[in-house]
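Fold and geometry: a report
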Amino acid sequence: MIKIFSSNSNRLHGLDHLRAIAILLVMIFHYGRGIPSWLEPIQQIGWTGVDLFFVLSGYLIGFQLLKEFKDKKEIDFKRFYLKRFFRIIPAYLAVLILYFSIGSLREGSGLPPLWRFLTFTQNFGLDTPTQKTFSHAWSLCVEEQFYLLLPITIILMFQSRLQKLTPYLMVGLIGIGILIRIHNWNEFVQPYIDSGSRRLMIQGLLEKVYYPSHNRMDGLIIGVMIASVFNFKPRVQDFLTKYGNIVLLFGLILFVIAYQVCQNLISYKAMIYGLPLISLAYGFIVVGAISPTCIIYKLKSRFTFVIATLSYAIYLTHKQIYHFVKIISKDMDNGFIQQNVFWICLLGALIGGLTLHVLIEKPFMKLRDRVLNPDDKKFQKIRGRLILNYIKTFGDRKARP
């Protein structure tokens, strides 16, 4: 385990806890009817795990880029996009190959065209009745589009000297998202509510309100706002981090309020007001998690560290694992298995994520380090040994009569 999961002293343990919570929320939500009854209250709000991932991504990527620009007055686009490529694409392609080559592993109604996945545009115009397989890739589309645009946006904002207006622009983008969701609800959801067609109502909600990127930027923007404060507003940062536990408590109170608003995902108040409220609550919780005075910042857990490390791989594979376990257990006349499908699926998701991490993620992360850090001391030593061996071997030959 130590070799597979290597940590470092600068790791933010609070964020590990949040990543672990996020992926567990997503799995509980997607595993639906198979969950124990005592988990049903969590299942109702499990879909917000994706929003927590959005806030975390907005903060981490935003902080990295803003700090680089603040220190160097530029952004190394090549390095940034290569890092994102090696982190996201290899595991994603591996899972895509499984989906397109092994039909029995496909959950849902069918796959969208391959080019939709390869261009990360699957979340636009998704036909849910016929293309529901690997539908959870919609959130990857949102994040990839965000990764593509954020560095360019930062450069443009600073070059045009509009950085002082950035907070207002970010709040404005959240407001625009709310207005678009209101419009799309009235156009593509409300008519089917009035006509009594629940199936078409849910289809319109997913395709026009829930999945499109321009409707789901709340969490990413709030994450970037936190990153901006921690880079350019040291007094505000000091104040927030000084009272980390209070900030965390405030975020939890907001989340309880958001829980009441969002208990029913298929509702106007959840889609219009609940999304930004959930993201705001998670934003305060993230601030607490990165505050040295906060309890979850200080708490170290090997379990959450492992789950956080595997969270991306688990997210990619957990629906396939669930589908596979259901197929196998369906034909088994075993009461224990039938009653514990949920726990078997959780264990299977962990094993699937671990397999993908060891076979794909970890080797490509090592390759990324070699590509991005060719002068790393470790590789200098290896190169030095090779040169010495070469000199010894061929030098001795030349010295011979």
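Throughout, residues of each chain are indexed from 1 in the direction in which the sequence is written. Owing to the predicted nature of the model, reporting of local features is limited to residues with pLDDT of at least 70; listing and counting of side-chain atom pairs is limited to 80 or more, with chain, interface and lining totals taken over all residues. To get the side-chain values, take all heavy atoms of the structure and skip hydrogens and water.

The subject of this paragraph is unusual backbone geometry. Phi is mostly negative for residues that are not glycine, and the peptide bonds are mostly trans. A positive phi is found at Lys-73, a non-glycine position, where the angle reads about 60°. Among the structural elements, Lys-73 can be located in the loop between helix 3 (49-72) and helix 4 (77-101). A positive phi angle, near 55°, is found at Phe-120, a position not held by glycine. Position of Phe-120 relative to the elements: it lies in the loop between helix 5 (114-118) and helix 6 (138-159). To qualify as a helix, a DSSP run of H or I must reach at least 4 residues; to qualify as a strand, a run of E must reach at least 2; elements of each kind are numbered from the N terminus.

For the rest of this paragraph, the subject is the packing of aromatic side chains. Planes of paired rings set the category: under 30 degrees apart is stacked, over 60 is edge-to-face and the rest tilted, where pairs are Phe, Tyr or Trp rings (Trp by its six-membered ring) whose centres lie within 6.5 Å. For the structure on display, the rule yields 28 aromatic pairs. Taking the centre distance of 6.2 Å and the plane angle of 35° together, the rings of Phe-77 and Tyr-81 count as tilted. Here the residue Phe-77 and the residue Tyr-81 both occupy positions in helix 4, the gap between them amounting to four residues, near one helical turn. Residue Phe-77 is classed as partly exposed on the basis of its relative accessible area of 30%. For each residue, the accessible area found with a 1.4 Å probe, counting protein chains only, is set against the maximum for its type, and the residue is called buried under 20%, exposed over 50%, and partly exposed in between. Here Tyr-81 falls in the partly exposed class, since its relative accessible area comes to 27%. Residues Tyr-99 and Phe-134 carry aromatic rings whose centres are separated by 4.6 Å and whose planes lie at 20° to one another, so their mutual orientation is stacked. Of this pair, Tyr-99 sits in helix 4 while Phe-134 is found in the loop between helix 5 and helix 6, placing the two residues 35 residues apart along the sequence. As far as burial versus exposure is concerned, Tyr-99 and Phe-134 are alike and both buried. Ring-pair connections join several aromatic residues into one group, and the members of that group are Tyr-92, Tyr-99, Phe-100, Phe-117, Phe-120 and Phe-134. Think of it as a cone above the ring: NZ of Lys or CZ of Arg counts as a charge over the ring if it is within 6 Å of the ring centre and within 35 degrees of the ring normal. One cation-aromatic arrangement involves Lys-208 over Phe-188; the distance from NZ or CZ to the ring centre is 5.2 Å.

By themselves, these observations are geometric and do not establish any function.
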